[in-house]
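Structure at a glance
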Amino acid sequence: MRTAVFPGSFDPVTLGHVDIINRALPMFDRLILAIGENSAKKSLFPLEKRMEWLQDIYRSEDNVEVKSYAGLTIDFSRQCGASFLVRGLRSTLDFEYEKTIAQLNRSLEDGLDTIFLVCEPEYSHISSTIVREILINRGDATPFLHGKVAAKIMEALDRQQ
Ligand code: ADP
């Protein structure tokens, strides 16, 4: 069974993530969307919400699982029996950063390869950071969000306060 892990913060999930996930899906038997509880990164949205939104989008896809993990991505991937990591690239800036992480992960875990997918041009300006900025300032982020969860994400901040 060909298993891949797509690790990320998904804070929140955007159309940029969805593009990468949808294109990675046919490549693997099992794709695990893994939300890392990053010790250095404070998230805007709680972990449960970030997981719920991914589950809402991929409820009908049997080969997608949504999980969370703490610690190293390589350890989590080994526990899942995954031989691949999936990451998305928007720019050369993403590439430089991702290349270092991919090389590091491979040096720590023999046989773990990172598969990079280059985003469609229309998504190259979308990031969770920008979406968070829009939401915090009460702007309309729906053009960057999946239709199944856009309303929930737009309302989530009000409920949190
Ligand atoms: P992280 O905090 O690990 O970078 P993110 O949720 O921000 O987590 O991103 C997870 C992955 O999704 C990364 O590989 C990132 O490059 C990719 N990604 C995010 N937005 C886009 C986009 N618009 N197009 C392509 N890939 C994207």
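Residues numbered from 1 in each chain as written. Predicted model: local features only at pLDDT ≥ 70, side-chain atom pairs only at ≥ 80, totals over all residues. Heavy atoms only, no water.

**Some thoughts on the packing of aromatic side chains**
Counted by the stated rule, this structure contains four aromatic pairs. Here the aromatic rings of Phe45 and Trp53 are separated by 5.1 Å at their centres, their planes lie at 80°, and the arrangement is edge-to-face. When sorted by exposure, Phe45 lands in the same class as Trp53, which is buried. (Phe/Tyr/Trp six-rings, centres within 6.5 Å; stacked < 30°, edge-to-face > 60°. Buried < 20%, exposed > 50% of the residue type's maximum accessible area, 1.4 Å probe, protein only.)

**Re the site of the ligand**
What surrounds the ligand is a group of 17 residues, the closest being Ser9, Lys41, Gly88, Tyr123 and Ile126. Contact between the ligand and Gly88: an oxygen atom at 2.6 Å from a main-chain N or O atom of the residue. With respect to the ligand, the side chain of Arg90 contributes an N or O atom lying 3.3 Å from a nitrogen atom. The pocket occupied by the ligand, as judged from atoms lying within 2 Å of grid points, is the largest pocket. For the shell around the ligand, the secondary-structure elements that each account for two or more residues are strand 1 (3-8), helix 1 (15-24), strand 4 (84-89) and helix 4 (92-108). Tallied by class, residues from the shell around the ligand come to seven nonpolar, five polar and five charged. (Near = heavy atom within 4 Å. Polar contact = N/O pair within 3.5 Å; in protein donor to acceptor, adjacent residues only side chain to side chain. 1 Å grid on protein atoms, 1.4 Å probe; cavity = no way out; pocket = protein on both sides within 12 Å on 5 of 7 lines; lining within 4 Å. Sits in = over half its atoms within 2 Å of the grid points. Helix = DSSP H or I, 4+ residues; strand = E, 2+ residues; numbered from the N terminus. Nonpolar A, V, L, I, M, F, W, Y, C, P; charged D, E, K, R; others polar.)

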